[in-house]
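Next come the chains, spelled out residue by residue.
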Amino acid sequence: MILEKFLPSERDSWTWKLADLSDVTGIVTLAQRHFENEITEVFEPNPQLFAKHVSVAIVEQSYDPRRLQLIVAVDRTTHQIIAYAWLTRGIYMTYATDEVAEASFAHIRMDLPLRTRLTIMAQILQQWHLWCQICQIPVLISTTIRSDQTGFLRLHEAAGFSIRGSNAFMKVV
């Protein structure tokens, strides 16, 4: 990965941590406020169902941190969640035997400055890559359904992903 200049540091106004059950409401609220409009043309959002799935993922992660990764970026001053990222493993393509880690979500508050959002997304990519290395997952896939995806995919490309449509693939190990 060539995004070392974005590594987490003391200069960041946020810190990263594994999500815990006290973060469920903040994750759901962030998703509703900043991203729900991206899906309403196709899906009927159900915040209670999303909260259930987030809660189950957090419990699973607490018992087996190699099963999935659900992390949150928390503002150092306000202690509010400003981003979260969710990565799962155990995905296999019908044409290959390599295990895949697939990004479920990378949500960052859209009212943050662009530079901050870029830095946070670069840090998410780094954390996903590191988790895949630790878990020895050979392929990492990140996709997007957002209408404005150019910057998101360019950042992936800068991090070493291969881009195919709205999909970004990386051979990790």
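Residues numbered from 1 in each chain as written. Predicted model: local features only at pLDDT ≥ 70, side-chain atom pairs only at ≥ 80, totals over all residues. Heavy atoms only, no water.

### Looking at the environment of Ala31
Note the following rule: Each helix corresponds to a stretch of at least 4 residues labelled H or I by DSSP, and each strand to a stretch of at least 2 residues labelled E; elements are numbered beginning at the N terminus. Residue contacts follow a heavy-atom distance rule, with two residues in contact if any of their heavy atoms lie within 4.5 Å.
Assignment of secondary structure puts Ala31 in helix α1 (residues 24–35). Taking C-alpha positions, Ala31 is 9.4 Å from Phe50, a pair spaced 19 residues apart along the chain. Beyond its immediate sequence surroundings of up to four residues, Ala31 is in contact with Glu36, Phe50, Tyr84 and His107.

### Digging into the sheet that holds strand β4 (residues 99–108)
Formally: When DSSP locates at least two bridges between a pair of strands, those strands are taken to pair. All axes here are fitted lines through C-alpha atoms, helices being fitted over the stretch that makes contact, and every angle between N-to-C directions spans 0 to 180 degrees.
The strand order across the open sheet built from 7 strands is β1-β2-β3-β4-β5-β7-β6, with neighbouring strands paired in mixed fashion. Two strands close off the open sheet at either side, each with one partner strand: β1 (14–18) and β6 (162–164). Across this sheet, the average inter-strand angle for adjacent strands is 20°, counted without regard to direction. In this sheet, strand β7 (residues 167–171) lies alongside strand β5 (residues 139–143) in antiparallel orientation, the contact comprising 5 bridges. Along β7, the bridge assignment pairs Ile141 with Phe169. Across the sheet, α1 touches β2 (68–75), β3 (81–92) and β4, and the angle it forms with β3 is around 100°. Relative to the sheet, helix α2 (residues 47–63) contacts β1, β2, β3 and β4, its axis offset from that of β2 by approximately 105°.

By themselves, these are just geometric observations and shouldn't be taken as functional.
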